[in-house]
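Listed below, chain by chain, are the residues.
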Amino acid sequence: MAFSARIVPFILLLLLVGSAARPLYPLPGRRNDRSKQPLQTFRPYNIAHRGSNGEIPEETAVAYMRAIEEGTDFIETDILASKDGALICFHDVILDDTTDIAKHKEFVNRKRTYEVQGMNTTGYFTVDFTLEELKSLRVKQRFPFRDQQYNGKFSIITFEEFISVALDAPRVVGIYPEIKNPIFINQHVKWPGGKKFEDKFVETLKKYGYKGDYMSKQWLKQPAFIQSFAPTSLIYISNLTDLPKIFLIDDVSMPTQDTNQSYWEITSDKYFDFIKDYVVGIGPWKDTIVTVSDNYLRSPTDLVARAHAYNLQVHPYTFRNENKCLHFNFSEDPYNEYQYWINKIGVDGLFTDFTGSLHQYQQWTTPFSSGEESASKLLDKIALMISKFRNS
Amino acid sequence: VGCTARPLYPLPGRRNDRSKQPLQTFRAYNFAHRGSNGEFPEETVVAYMRAIEEGADFIESDVQATKDGVLVCAHDVILDDTTDIAEHKEFADRKTTYVVQGVNMTGYFIVDFTLEELKSLRTKQSYSFRDQQYNGQFPIITFDEYISIALDAPRVVGIYPEIKNPVFVNNHVKWPGGKKLEDKFVEILKKYGYKGDYMSKEWLKQPAFVQSFAPSSLIYISNLTNLPKIFLIDDLTIYTEDTNQSYWEITSDKYLNFIKDYVVGIGPWKDTIIYVSENYMQSPTDLVARAHAYKLQVRWAGGKIFEDKFVNILKKYGYKGTYTLKDGLKQSTFVQSFTPTSLIYVSNLTDLPKVLLIADTTVPTQDTNQGFHLVIWKSVNIDTSYSGRYKGVIIIGVVLCSCSRVIQGSFVFSV
């Protein structure tokens, strides 16, 4: 099915500009007298990594709406901050790779070099632009092998706009925001009253009614996971909200940005035993769960087994359909990859750039039940099917 | 090895007392194009075995000939892209330039190597983004070897060989007795017991489709074998190598009407069925609909056609008899169709009254390509008396399906 940009309605989002957005009310067009189709919880979560960014530039309203259309369970985002303290949805600390910043002559003198997680990085940093200035930019598709036709059409959105996309969905769709680069953000952006990035993050969630333990009634109405690579941020906010948290784990060579701990330390049994009181799961890079050599997956490590032993969910990142992202075991077939991770490794959620593909796979292999609850109804159905063949 | 391979016998390890799981025919066929060549170098034993393992209905191959007349499985006329020929210094002087389908091509041509020489080469994966780990491990195989893989499979697996570049091969390779590539091709199929109409008992035991881009080859072999044939169609700008006909000619209704007597189906390039613009598919063309209208890829056993089956069912339930207004109407039936040839055909099978449907004034008949006015005046025998036997079509039914035209009263007999 070819998706046409011509039918995308993003008018609603254009009305919400600035961090002091007016309160959201349910739109009359949406039926508020019915309850929304709830979140599925019987099979691994389909997490739309930066929205449906396989098709549409990442972290835009359109990418998120497309993901919801395609059946995602959660829309995922990375939260950073602007110079004036607005929380925005953006993955990179710099604007160079995913926006048209290079075309904006008025900002040419904003290029800087800062240290980010121990490395010098040069570019146009989000923390050097006000929200209004960021809104004047237009987003582009990061990878040249993906569809370039939406470049220059959509703008960066705020955390609040992202939330409104989720709340406006015709069924229950969860959010999965990340406290991104908190060390760096807190160095460069200051909020009044001594508040930090993590405080503003949780404030925004509370404002829109996100609360509750994992699988509680309130949580199921507005599901959310909070993720971060920085364990101290997760521990800090555990005092502010009981929403479930996920501890992200980078590649084997990368230490944590806040506590400078190695991969081996943060994936040890001892650490799992410690962190399990603060998080409900981990989000590792998938090539650390099963080692890769010569573009073939070798034997799985025991990471998933040990995490599960501590009742920690595992949500690996990132699944992509492109051939160059699929190891040779999978014969260029993304379904083959999903099959392996869901059935053989047994993960609890998947971050994917192609949420439609994952949804199709899950619907074909583990569909929503048709509602045939009673056994006698099922027997009737079977009898009907057989009777067709009786007389032929 | 060589063109006189020893006969195949069933391997003791395979259980020959049980019948093999038959070919599925209820859903679209899965053709392993050059074997499982996404994973293995194309047209090798492993690629075909892997395809069978993965559930293919048919394994597909391209058949060409060596210098000494042996039929081998290879897609390209040259060896450069799919083998390690470049590493074989002993063949360095075989590089040459020939005209292939009107275009000059330079390389190491299969037709310049004997089978023994070809067997000293090793294949490689031609796409750089596919797994390279099997490069240099497997040789080119013969048509015989390809067939033996299919016959050795633990379930019924069909073959789908192509008579590849017959014009070029026949220019360069000569067989004794004036035989051509097509003759040797069919000989080998017969040698291994491949025969039978599409969906016949014999065919289902050893299914096979014979494919080619060259219509004259397909027509030629239709005298040699009744195995079902598929007419391959190249891109919009390519002309057939043997008859120099354009895409538009070979996909016209007229041509489909002609070729349907020789082939059971067509094999087009999918981007000609649905045009592509800016890497997006646009609206489909009508190619599939028209091909299906000529019953391409719908065939019944014993050479029966749609009209035969239609009348059989009517007869089965006792529908017969000429049109009459007397004696009441017990099992009154009219047989209707837009295609006059169908009605004329069935008039030999049943004397039930038939009605020729006529579409809008701008729509010609799909079988005889006759315009509205010609149909009314010329092609129909009309007898307006209501007694006696009637031959052919007796009543014209004008279908006011377009609702935008009123037919002039003088030639409407019945609606």
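Residues numbered from 1 in each chain as written. Chains lettered and ligands numbered in written order. Predicted model: local features only at pLDDT ≥ 70, side-chain atom pairs only at ≥ 80, totals over all residues. Heavy atoms only, no water.

- Chain B goes by glycerophosphodiester phosphodiesterase in an unreviewed UniProt entry, where it is assigned to Cinchona calisaya.
- Within the UniProt record for chain B, the comment given under Sequence similarities (unreviewed entry) is "Belongs to the glycerophosphoryl diester phosphodiesterase family."
- Reading the Catalytic activity (unreviewed entry) entry of the UniProt record for chain B gives the comment "a sn-glycero-3-phosphodiester + H2O = an alcohol + sn-glycerol 3-phosphate + H(+)". (UniProt positions renumbered as here; feature names shortened; annotations may be inferred.)

- If you look chain A up in an unreviewed UniProt entry, it shows as glycerophosphodiester phosphodiesterase from Cinchona calisaya.
- Regarding chain A, the UniProt comment filed under Catalytic activity (unreviewed entry) reads as follows: "a sn-glycero-3-phosphodiester + H2O = an alcohol + sn-glycerol 3-phosphate + H(+)".
- The UniProt entry for chain A carries the following comment under Sequence similarities (unreviewed entry): "Belongs to the glycerophosphoryl diester phosphodiesterase family."

**Re the overall build of chain B**
- A tally of regular secondary structure across chain B gives 14 helices and 15 strands.
- For chain B, long-range pairs separated by at least 24 residues make up 64% of all intrachain contacts whose partners lie at least 6 apart in sequence.
- As displayed, chain B offers around 22,300 Å² of accessible surface, 54% of which is attributable to carbon and sulfur atoms. (Helix = DSSP H or I, 4+ residues; strand = E, 2+ residues; numbered from the N terminus. Contact = heavy atoms within 4.5 Å. Areas by Shrake-Rupley, 256 points an atom, 1.4 Å probe, with all protein chains shown as cover.)

**Considering the interface of chain B and chain A**
- The interface is formed by eight residues belonging to chain B together with ten residues belonging to chain A.
- Roughly 650 Å² is buried in total at the junction of chain B and chain A, and carbon and sulfur atoms are behind 41% of that figure.
- By the criterion of area lost to chain A, the three top residues of chain B are Phe 129, Asp 131 and Tyr 280 of chain B, representing 67% of everything that side buries.
- Across the contact surface, chain B and chain A share one salt bridge.
- Note that Arg 130 of chain B and Glu 332 of chain A form a salt bridge whose closest N and O atoms lie 3.7 Å from each other.
- Between the two partners, chain B and chain A, sit six residue pairs in polar contact (both at pLDDT 80 or more).
- For the side of chain B that touches chain A, the class distribution of residues is three nonpolar, one polar and four charged. (Buried area = accessible area lost by both parts, 1.4 Å probe. Salt bridge = Lys/Arg side-chain N within 4 Å of Asp/Glu carboxyl O. Polar contact = N/O pair within 3.5 Å; in protein donor to acceptor, adjacent residues only side chain to side chain. Nonpolar A, V, L, I, M, F, W, Y, C, P; charged D, E, K, R; others polar.)

**Some points on the pattern of salt bridges**
- One pass over the full model with this rule turns up 32 salt bridges over all chains.
- Asp 353 of chain A is the partner of Arg 320 of chain A in a salt bridge, and the nearest nitrogen-oxygen pair spans 2.7 Å. One end of the pair, Arg 320 of chain A, is in the loop between β12 (313–314) and α13 (334–345); the other, Asp 353 of chain A, is in the loop between β13 (349–352) and α14 (355–365), and 33 residues separate them in sequence.
- You can call Asp 353 of chain A buried: its relative accessible area is 0%.
- As a salt-bridge pair, Arg 50 of chain B and Glu 53 of chain B come within 2.6 Å of each other at their nearest N and O atoms. Here the residue Arg 50 of chain B and the residue Glu 53 of chain B both occupy positions in helix α1 (residues 45–53), the gap between them amounting to three residues, near one helical turn.
- Judged by relative accessible area, which is 26%, Arg 50 of chain B ranks as partly exposed. (Buried < 20%, exposed > 50% of the residue type's maximum accessible area, 1.4 Å probe, protein only.)

**Observations concerning the layout of surface pockets**
All names here are of chain B.
- Considered as a void within the structure, the largest pocket measures approximately 1,800 Å³ in volume.
- In terms of lining, the largest pocket is formed by 47 residues, of which the most central are Phe 213, Leu 232, Gly 267, Pro 268 and Trp 269.
- When residues of the lining of the largest pocket are traced back to their parent elements, those giving at least two are β2 (58–65), β5 (103–107), β7 (158–163), β9 (229–233), α8 (247–250), β10 (265–268), α10 (270–273) and α11 (287–293).
- Looking at the lining of the largest pocket, its residues break down into 26 nonpolar, eleven polar and ten charged. (1 Å grid on protein atoms, 1.4 Å probe; cavity = no way out; pocket = protein on both sides within 12 Å on 5 of 7 lines; lining within 4 Å. Points joined across faces, edges and corners; volume = space filled by probe spheres on them.)

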